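One letter stands for each residue in the lines below.
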Amino acid sequence: MIALDSDLVSGGTVRRPARRLILLLAATSAVTAANVYLSQPLLGAVAASLGVGPDLLGAVPTATQLGYAAGILLLVPAGDSHDRRRLILGLGTASALALAVCAAAPSAGWLIAASFAVGVLSPVPQLVTPLAVALADGADGGRGRTVGTVQGGLLIGVLASRAYSGSFADLAGWRAVYGCSAVLTLLLVLVLRRALPRVPAAAAVRYRDTLASLPRLFASAPLVRRVTVSGALVGIAFGAFWTTLTFLLVGHYHLGPTAIGLFGLLAAASAVASPYAGRAADRLGHRGALAMLIGLVVVGWLILLPGGTGLGWLIAGVIVLDVGVWGGQAASQTALFTLDPAIHNRLNTLYFTLRFLGIALGSLAGSLAWSAGGWPAVVATGAAATVAGLIVGVLPVRTPAAPRRI
């Protein structure tokens, strides 16, 4: 088990954490984020096992993503009004139970319902990041390094989940994938129960008041509006790219599902670069870091333009674009966490809710652009959204950035 440094808790006050505790929180993000994406490689095997059409099973990942968005909106704000340790442990335990129900699902209906529950119970990374920042406050390395480390864990979980899910299903069946994930999540909860210190609520506020304050928080804080809207615009570009990439790889390069899946591994560079993006936010400030990283996304789109005729350009563009997108996310969270710690979870709620809406809109916009003008139209759409996100993100805030405690 992970031992805590003697200076972690003193007189009931959380102080500088052990480096191992931050790494544990990164691992927590990896495991819980992976649970959201387990189903994608399993749909064919599940359809054959349950005797239903693949089109019906497409509702499984959709239900999980809808549940995840609902969990971010409804549960993450509770981190400002409740003990985050208890909240994380409770969600982890319930998530393990929902995964076990997926493993035993007797029908597609049961699996879809249980998958929605898995999504609702999985926004632990959005709770873990503010907790890590609270524990690391004043520690060497700063907020940015902490955010980048925890986000690196999330990215590793997202990437590893697809490879683990598909290969393990070939070996032991799709039910074993869910069962193993349930056990792993439960083991993680047991480790966290021993390792996490008790962290009191950041503010004396009722849960329903945290939800009601979200629109006011967005309206009253210029920095929050700039960062979250910029994140949504870059999310549009991100969604447009990954939705249409499959069309390009199938239609032009004639690649199969396995080869297409390997393109996701190119995003591993983002996990490696994420901690450095957080450090850039510490050194350059949020405007400088966002200018550099969103600018990198613009460069990525320029590299991707000839990707319609050259696979090497496409591979290089994927790496550059993904590093910029995920690095910009780390820098954005770092900027938001310079505000009142009592509202950090609500800031995360606003950021990721708008981010997911942007990605969903980008998927639609990318599909329409592909139908209208092929790959050049997709690049134009993604580049335009990215430039808009760059402008919004780096314009100076002319009024005080720190909102009052709501």
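Residues numbered from 1 in each chain as written. Predicted model: local features only at pLDDT ≥ 70, side-chain atom pairs only at ≥ 80, totals over all residues. Heavy atoms only, no water.

As recorded in an unreviewed UniProt entry, the chain goes by the name MFS transporter, listed as coming from Streptomyces celluloflavus. The UniProt entry for the chain carries the following text under Subcellular location (unreviewed entry): "Cell membrane". (UniProt positions renumbered as here; feature names shortened; annotations may be inferred.)

Interhelical geometry of helix 5 (residues 84-104) versus helix 9 (residues 174-195) gives an angle of 165 degrees and a closest axis separation of 8 Å. On the basis of the axis angle, helix 5 is roughly antiparallel to helix 9. Classified by chirality, the crossing of helix 9 by helix 5 is left-handed. Touching Arg85, Ile88, Leu89, Gly92, Thr93, Ala96, Leu99, Ala100, Cys102, Ala103 and Ala104 of helix 5 are Trp174, Arg175, Tyr178, Gly179, Ser181, Ala182, Thr185, Leu186, Val189, Leu192 and Arg193, all from helix 9. In terms of residue class, the contact of helix 5 with helix 9 is built from 14 nonpolar, five polar and three charged. (Axes fitted to C-alpha atoms, helices over the stretch in contact; angles between N-to-C directions. Helix = DSSP H or I, 4+ residues; strand = E, 2+ residues; numbered from the N terminus. Parallel < 35°, antiparallel > 145°, perpendicular 65-115°, else oblique. Left-handed = near helix turned anticlockwise from the far one by under 90°. Contact = heavy atoms within 4.5 Å. Nonpolar A, V, L, I, M, F, W, Y, C, P; charged D, E, K, R; others polar.)

Right, let's talk about the side chain of Thr349 for a bit. Residue placement: Thr349 occurs in helix 15 (residues 344-394). Of the residues examined, Thr349 reaches a relative accessible area of 1% and is grouped as buried. Ignoring any residue separated from it by four or fewer positions in sequence, one finds Thr349 in contact with Ile72, Leu73, Val76, Pro77 and Leu214. (Buried < 20%, exposed > 50% of the residue type's maximum accessible area, 1.4 Å probe, protein only.)

Attention now moves to the packing of aromatic side chains. Counted according to the given criterion, the structure contains nine aromatic pairs. Judged by centre distance (5.8 Å) and plane angle (85 degrees), the ring pair of Phe238 and Trp326 falls under edge-to-face. Residue Phe238 is located in helix 11 (residues 222-251), and its partner Trp326 is located in helix 14 (residues 311-336); the two are separated by 88 residues in the primary sequence. Owing to a relative accessible area of 14%, Phe238 belongs among the buried residues under this scheme. Trp326 sits in the buried class, given a relative accessible area of 14%. Seen in terms of ring centroids, Phe247 and Trp370 are 5.9 Å apart; in terms of plane orientation they differ by 50 degrees. Their pairing is tilted. Linking Phe247 in helix 11 with Trp370 in helix 15, this pair joins segments that are 123 residues apart in sequence. Judged by relative accessible area, which is 34%, Phe247 ranks as partly exposed. Chaining the aromatic ring pairs together yields one cluster made of Phe238, Phe241, Trp242, Trp301, Trp326 and Trp375. (Phe/Tyr/Trp six-rings, centres within 6.5 Å; stacked < 30°, edge-to-face > 60°.)

Along the chain, Leu25 turns up in helix 1 (residues 19-36). The class of Leu25 is buried, set by a relative accessible area of 1%. Here the alpha-carbon distance between Leu25 and Thr146, two residues 121 residues apart in the chain, equals 9.9 Å. Those residues within four positions of Leu25 in sequence are excluded, and the remaining contacts are Val128, Leu131, Ala132, Leu135, Val150 and Leu196.

Tallying each qualifying case throughout the model produces two salt bridges. Of the charged contacts, one joins Asp80 and Arg346 as a salt bridge, the two residues approaching to 2.9 Å between their closest N and O atoms. Of this pair, Asp80 sits in the loop between helix 4 (59-75) and helix 5 while Arg346 sits in helix 15, and the two are 266 residues apart along the sequence. Just as Asp80 is buried, Arg346 falls in that class too. Note that Arg206 is salt-bridged to Asp209, the shortest N-O span being 3.0 Å. The exposure class assigned to Arg206 is partly exposed, which follows from its relative accessible area of 48%. (Salt bridge = Lys/Arg side-chain N within 4 Å of Asp/Glu carboxyl O.)

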